[in-house]
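For reference, the chains in residue letters:
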Amino acid sequence: MASESESQVKRGDFSVTLDSDPVDSMATELQGLTAEGQPEGLIDTKEQVQIKLADQQADPNSPLYSAKSFENLGLEPELLKGIYDMNFSKPSKIQERALPLLLADPPKNMIGQSQSGTGKTAAFVLTMLSRVDASVEAPQALCIAPSRELVRQILDVMQQMGKYTQIKVSAAIKDEGPPRGQKITSQIVVGTPGTVTELIRRNQLNMRQLKLLVLDEADNMLDQQGLGDQSIRIKNMAPKTCQIVLFSATFAESVRKFAARFAPNANEISLKVSELSVDAIKQVYMDCKDESHKLQVLEELYSVLTVSQSIIFVRKRITADKIAKMMTSSGHKVVALHGQLDPQTRDQVMDGFRNGLIKVLVTTNVLARGIDISQINVVINYDIPVDGNGRPDAETYLHRIGRTGRFGRTGVAINFVHDANSFRELKAIQDYFGREIIKVETSDEEKMEKALKKLLQ
Ligand SMILES: Nc1ncnc2c1ncn2[C@@H]1O[C@H](COP(=O)(O)OP(=O)(O)OP(=O)(O)O)[C@@H](O)[C@H]1O
């Protein structure tokens, strides 16, 4: 991308001016403990993953700290059966590293980071299923996640993995919790923070026997402007001995500090900022003349591309509805999904997208995180993500594009820019991650078609 004047990327509570070589300076900040003066107990692996063990006496070279097979983890045979039923033959990198630490006794807190689509869910789901006692009829493990859709997905993984066990799992999302007055007796609960808080308040969810609390998309869950307060309140209801596990693909420095307080003395698996992007996701941008030209380019794009499934991210609900209407009238199987829809409709839309009846989903940031659908080969940032203060939001960008290119698959992320502002926003994000976002010609239809087809080869 051509050089632009100053622009700022917001990272939690600090910002960086692009003129000061943001990639280098921010990488140094985010590396944190990996810079000079590396403390003991920190393993700097070849893949630039840093593992910081809470126990400084631990021998980092011990085979205990990586599991090359699921059998090595000492899991119950019923759980192994569930894993193999899902066709997981061996642990992914994050599972290999995190599971031995997560399952060790006495339990230790964990702050775990790995790129999108690398198998974090299975790591914490297996831990939850391993830690609870099926003969005790009370909640012992609780997972909270930021969206209804993500909670339902985690429940699905939980049910598949645990299908040969006697463990019961309950949902804590709007309209799907236990009926009023009825106490939860399931060993595991997965929910959104709002509904979980409500169930605790109504004495339906008793936290007394909780051994494990997991925050998926933890940086988002701890964000002070968002779900942070609720997450803190939930944690404060758990016993002091409860194991706290935080997972995400991103932890901005300010959140990381807070996370370290939320999950004290945790084992940490972290990535440098330069390692956050998934190589298999090709990132491009399309230069549109103005806001209305974006709609036209979108139409052209879908007329030339063979997309199996895709997500279009927009800033506002109204834009989502407008695009869905326009594309539907052009004959595409498109639906908009956002927070204004009622829970049942959201579930129906999501189920339709998962089983392939809906090919394109137009959505807001509500689906930016965690959603795992392997058929998605294109993600479009129709609007560049910005935070509440209107500054480019690098984390949300990474999560959004991470809906494609999952678990070794390839994918394409297409960004629309249409004025100096959107250009600056995208440039700031590009410079932050240090990965070039390549231009696709929009002025010449033939060239555009050729470039797009090549992208998806
Ligand atoms: N060991 C494994 N073997 C094969 N497939 C796996 C394994 N672990 C996870 N997967 C698959 O990889 C995909 C991505 O996993 P998952 O959704 O857990 O990623 P994630 O790291 O949580 O991503 P995100 O940061 O986007 O939330 C899923 O479809 C999952 O079934």
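Just so you know, the residues in each chain are numbered from 1, in the order the chain's sequence is written. Confidence filtering applies because this is a predicted model: local features only for residues at pLDDT of at least 70, side-chain atom pairs given and counted only at 80 or more, and all residues used for totals across whole chains, interfaces and linings. The side-chain numbers reported here are obtained from all heavy atoms of the structure, hydrogens and water having been left aside.

Novice: Mind showing me how you'd approach the site of the ligand here?
Specialist: The cutoff for a nearby residue is simple: one of its non-hydrogen atoms must lie within 4 Å of the molecule or strand. Around the ligand, the surrounding shell holds 19 residues, and the nearest of these are Gln95, Gly117, Lys120, Thr121 and Asp372. Residues adjacent in sequence count toward polar contacts only when both atoms are side-chain atoms; beyond that, a polar contact is any pair of N or O atoms within 3.5 Å, and within protein one must be able to donate a hydrogen and the other to accept it. Note that an oxygen atom of the ligand is positioned 2.8 Å from one of the backbone N or O atoms of Gly117. At 3.4 Å from an oxygen atom of the ligand is found a side-chain nitrogen or oxygen belonging to Glu217. For the accessible areas, the method is Shrake-Rupley and the probe is 1.4 Å, while residue cover comes only from the protein chains on display. Contact with the protein chains covers 87% of the free accessible surface of the ligand, which is 640 Å². In the scheme used here, Gly and all other residues not listed as nonpolar or charged are polar, with Ala, Val, Leu, Ile, Met, Phe, Trp, Tyr, Cys and Pro taken as nonpolar and Asp, Glu, Lys and Arg as charged. Per-class residue counts for the shell around the ligand are four nonpolar, nine polar and six charged.

Novice: I tried to follow the pairing of strand β15 (residues 360-363) on my own but got confused; where do I start?
Specialist: For a regular strand, the rule is simple: side chains alternate between the two faces of the sheet. Going residue by residue along β15, you find Val360 and Val362 tucked away on one face and Leu361 and Thr363 tucked away on the opposite face as well. By definition, two strands form a pair when at least two bridges between them are found by DSSP. Only runs of H or I of at least four residues qualify as helices and only runs of E of at least two qualify as strands under DSSP, and these elements are numbered from the N terminus. By the bridge criterion, four bridges tie strand β13 (residues 309-313) to β15 in an arrangement that is parallel. Across the sheet, residue Phe313 finds its bridge partner in β15, namely Thr363. In this structure, strand β14 (residues 334-337) lies alongside β15, joined through four bridges in parallel fashion. Following the sheet pairing, Val335 is matched in β15 by Leu361. For a crossover, the right-handed case is the one in which the path from the first strand over the helix to the second runs clockwise, viewed with the strands pointing away from the viewer. In this fold, the crossover linking β14 to β15 by way of helix α12 (residues 343-354) has right-handed handedness. The buried label goes to any residue with under 20% of its type's maximum accessible area, the exposed label to any with over 50%, and the partly exposed label to all in between, with areas taken from a 1.4 Å probe on protein chains only.

Novice: Is there a simple way to think about the nonpolar core in this case?
Specialist: Looking at soluble globular proteins, one finds that nonpolar side chains tend to be buried together. In this structure, Met128, Ile154, Met161, Ile188 and Phe433 are the most contacted members of the largest nonpolar core, which totals 65 residues. Each of two domains, domain 1 (5-38 + 279-456) and domain 2 (50-271), supplies a minimum of three residues to this core. With residues up to four places along the chain from it excluded, the contact list for Phe433 reads Val273, Ser274, Leu276, Ser277, Ala394, Tyr397 and Leu398. By nonpolar core we mean a set of buried residues, namely Ala, Val, Leu, Ile, Met, Phe, Trp, Tyr and Cys, connected to one another through side-chain atoms within 4.5 Å. Counting residues in hydrophobic clusters, the runner-up holds 32 residues, among them Ile312, Ile323, Val334 and Leu455. For each domain, the first and last residues come from an automatic or database assignment. The contact criterion used throughout is that any non-hydrogen atoms of two residues lie within 4.5 Å.

Novice: I tried to follow the UniProt feature "short sequence motif: Q motif" (unreviewed entry) in the chain on my own but got confused; where do I start?
Specialist: Following the UniProt record, the feature "short sequence motif: Q motif" (unreviewed entry) maps to residues 68-96 here. Within the segment residues 68-96, helix and strand shares are 45% and 0% respectively, and the terminal C-alpha atoms sit 6 Å apart. UniProt positions are given in the numbering used here, feature names are shortened, and annotations may be inferred rather than shown by experiment.

Novice: How do you make sense of unusual backbone geometry when you look at a structure like this?
Specialist: With omega at -5°, the peptide bond leading from Asp105 into Pro106 counts as cis. Tracing the chain through its elements places Pro106 in the loop between α3 (93-103) and β5 (110-113). Phi at Asn203 takes a positive value of approximately 60°, unusual for a residue other than glycine. Tracing the backbone through its elements, the reader meets Asn203 in the loop between α6 (193-201) and β9 (212-216). One non-glycine residue, Asn265, lies in the positive phi region at around 50°. Judged by relative accessible area, Asn265 falls into the exposed class, the value being 65%.

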